[in-house]
Amino acid sequence: MNFGLSEEQEMIVETVRAFVETEIYPHENEVERSGIVPPELGDEIRRKCVDLGFYACNFPEEVGGAGLDHVTFTLVERELGRGSLGLTVFFGRPSGILMACEGEQRERYLLPAVRGEKIDALAITEPDAGSDMRGMKCAARRDGGDFVLNGTKHFISHADVADFVIVFAATGEEETPKGIKKKITAFLVDRGTPGFEILKGYDSVSHRGYHNCTLNFTDCRIPEAQVLGEVHRGFDIANQWLYGTRLTVAATCVGRARRVFDLALPYAAERKQFGKPIGANQGVSFKLADMITEIDAADWLTLAAAWQVDAGRPADRQIASAKLYASEMLARVTDEAIQIFGGMGLMDDLPLARFWRDARVERIWDGTSEIQRHIISRDLLRPLGA
């Protein structure tokens with residue numbers, strides 16, 4: 001097993017880290033204070049990312065992306081995790097699910113998204129259907145050559161800046177071993193489509209500036225040509241896409257934890273109490289030892305899962321393990337960092353309180369910790385017939 005990075009990977013890590021430090025860090029405090037990313041700032045970050053050649057780096061070269069493998073893209077996400085999500089969203093990683101676009105859809109949605117001309121958002125979660133995707137109530141019925149969509153989605157990330165939304169809706173029912181479940185279809189829906197309304201979502205303590213929205217569909221008419229993939233096969237498309245987002249969550253948690261550690265370590269070495277650095281006390285030094293051990297473990301677990309994907313091997317359990325461990329690790333590391341700083345750790349003068357709050361949502365979105373444990377345990381037990 002080779003744990004070293006190639007020259008190209010080292011260069012990519014250094015380039016993205018420098019971008020985050022110079023283009024993202026200076027704006028974080030203001031975004032945290034106001035909860036808003038000015039449109040001109042978002043456009044500037046997006047333009048600079050395009051100029052740098054990193055926009056849509058998760059897409060293959062044949063459609064205009066950088067064609068990075070999963071390990072290298074995971075390294076990119078790890079470095080982006082150091083910065084405010086409200087700002088790094090403009091670094092541009094369109095949803096991989098857009099590779100399912102066919103025919104005219106490629107010119108209208110896929111290629112503009114890869115070029116940075118359009119931003120997409122994914123609409124899956126509903127007030128009564130989060131982890132239970134096949135229990136969604138948002139439904140689309142056929143009407144001639146169209147589908148008519150009705151229902152509500154919520155917790156839809158960055159829909160406020162999206163040009164179009166990939167909406168998952170029930171389009172029928174089927175009998176399964178677990179009872180009747182909804183058949184799901186994915187649709188490409190443009191902002192401004194009659195009957196489609198984007199509303200302000202909930203105020204969140206995590207990732208200020210990165211907004212969630214509520215989407216309402218009222219007799220929203222969508223041509224069949226805007227079905228993404230096949231009718232009734234949206235669940236399969238979503239599952240294919242979700243593994244990538246869970247790797248992203250794991251990687252960004254690692255990046256954020258390393259930034260937190262980079263604050264705590266020098267502070268422990270420099271801050272003096274009772275005539276010596278607080279890091280000389282085992283109560284602090286042992287915290288640092290545990291923190292870096294957990295960060296490194298989460299890092300390797302995440303990269304190993306990405307390597308499994310690149311190798312073409314089944315990786316559902318490995319990805320679930322990475323997402324589970326990295327998200328829970330980040331909560332522990334940020335909490336311990338605040339403990340090392342004491343009362344100052346909770347003051348707005350430092351970003352630790354923000355990291356602490358941001359960490360909480362990582363155990364919920366893109367599959368809760370409980371869902372990840374379910375995936376892991378089923379992978380272990382199913383071969384044994386349990």
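Going by the structure above, here's the rest.
Predicted, not measured: the structure shown is a model, and the values here were computed from it. Numbers given for residues are sequential positions, taken from 1 along each chain in its written order. Confidence filtering applies because this is a predicted model: local features only for residues at pLDDT of at least 70, side-chain atom pairs given and counted only at 80 or more, and all residues used for totals across whole chains, interfaces and linings. Here the side-chain values reflect all heavy atoms present in the structure, with hydrogen atoms and water set aside.

1. Some remarks on the overall build of the chain
Move 1: Helix and strand content of the chain: 10 helices and 10 strands.
Move 2: Radius of gyration: C-alpha atoms only; globule rule: 2.2 Å multiplied by the number of residues to the exponent 0.38. Whereas a compact globule of 386 residues would reach a radius of gyration of roughly 21 Å, the chain reaches 22 Å, a difference of no more than 12%.
Move 3: Across its three principal directions, the C-alpha atoms of the chain cover 80 × 55 × 40 Å.
Move 4: Throughout, exposure labels follow a simple rule: accessible area from a 1.4 Å probe, protein chains only, divided by the maximum for the residue type, with under 20% read as buried, over 50% as exposed, and the rest as partly exposed. Here the chain, with 386 residues, has 49% of them falling under the buried criterion.
Move 5: For the chain, the proportion of contacts with a sequence separation of at least 24, taken over those separated by at least 6, is 74%.
Move 6: Calculation of accessible area relied on Shrake-Rupley with a 1.4 Å probe; when residues are assessed, cover is drawn exclusively from the protein chains displayed. Counting every atom, the chain has about 18300 Å² of accessible surface; 53% of that belongs to carbon and sulfur.
Move 7: Positive residues here are Lys and Arg, negative ones are Asp and Glu, while His and the chain termini are left out of the count. Throughout, a charge is located at the NZ atom of Lys, the CZ atom of Arg, the CG atom of Asp or the CD atom of Glu. For the chain, the distance from the average position of its 45 positive side-chain charges to the average position of its 58 negative side-chain charges is 5 Å. What counts as a helix is a DSSP run of H or I of at least four residues, what counts as a strand is a run of E of at least two, and both are numbered from the N terminus. In this analysis, two residues are considered to be in contact whenever any of their non-hydrogen atoms come within 4.5 Å of each other.

2. Here we look at the nonpolar core
Move 1: The set of buried Ala, Val, Leu, Ile, Met, Phe, Trp, Tyr and Cys residues whose side-chain atoms join them within 4.5 Å is what this entry labels a nonpolar core. Within the largest apolar cluster, 52 residues are counted, with the highest numbers of intra-cluster contacts made by Val76, Leu98, Ile166 and Phe168.
Move 2: Those elements giving two or more residues to this core turn out to be helix H1 (7–34), helix H2 (39–52), helix H3 (70–80), helix H4 (85–88), helix H5 (104–115), strand S4 (164–176), strand S5 (179–190) and helix H6 (234–270).
Move 3: Ranked by residues supplied to this core, first place goes to H1 with 6 residues.
Move 4: Other than its neighbours up to four places away in sequence, Phe168 contacts Ile97, Leu122, Ala123, Ile124, Met133, Met136, Lys153, Ile184, Thr185, Ala186, Gly234 and Ala238.
Move 5: Within the second largest apolar cluster, 37 residues are counted, among which are Phe261, Leu303, Ala322 and Phe355.

3. Description of the side chain of Thr193
Move 1: In this structure, Thr193 sits in the loop between S5 and strand S6 (196–200).
Move 2: We define a polar contact as two N or O atoms separated by no more than 3.5 Å, with the added condition that, inside protein, one atom must be a possible hydrogen donor and the other a possible acceptor, whereas residues neighbouring each other in sequence contribute only through side-chain atom pairs. Reaching out from Thr193, the side chain makes a polar contact with the backbone oxygen of Asp190 at a distance of 2.7 Å.
Move 3: Residues contacting Thr193, with those up to four places away along its chain left out, are Cys220 and Arg221.

4. As for the environment of Ile375
Move 1: On the secondary structure map, Ile375 appears in helix H10 (residues 369–381).
Move 2: Excluding anything up to four places from it in sequence, Ile375 contacts Arg246, Asp316 and Ala320.

5. So, the packing of helix H7 (residues 282–310) against helix H8 (residues 316–341)
Move 1: Only C-alpha atoms enter the line fits that serve as axes; for helices the fit covers just the stretch in contact. Angles between N-to-C directions range over 0 to 180 degrees. Direction vectors running N to C along H7 and H8 enclose 160 degrees, while the axes themselves pass 9 Å from each other. Here H7 lies roughly antiparallel to H8, going by the angle between them. Once H7 is placed against H8, the crossing between them reads as left-handed.
Move 2: Basically, the charged four are Asp, Glu, Lys and Arg, the nonpolar ten are Ala, Val, Leu, Ile, Met, Phe, Trp, Tyr, Cys and Pro, and anything else, Gly included, counts as polar. When the residues that make up the contact of H7 with H8 are grouped by side-chain class, the tally is 17 nonpolar, 5 polar and 4 charged. If an angle is under 35 degrees, it is roughly parallel; if it is over 145, roughly antiparallel; if it lies from 65 to 115, roughly perpendicular; otherwise it is oblique. Rotating anticlockwise by less than a right angle from the far helix to the near helix defines a left-handed crossing, while the corresponding clockwise rotation defines a right-handed one.

6. Here's the deal with the pattern of salt bridges
Move 1: Basic side-chain nitrogens of Lys or Arg form a salt bridge, by our definition, when they fall within 4 Å of a carboxyl oxygen of Asp or Glu. Overall, the coordinates contain 31 salt bridges when judged by the stated rule.
Move 2: Asp43 is the salt-bridge partner of Arg46, the closest N and O atoms lying 3.0 Å from each other. With a gap of 3 residues between them, Arg46 and Asp43 both fall in helix H2, about one helical turn apart.
Move 3: By relative accessible area, Arg46 is classed as buried at 14%.
Move 4: Overall, Asp43 belongs to the partly exposed group, its relative accessible area being 41%.

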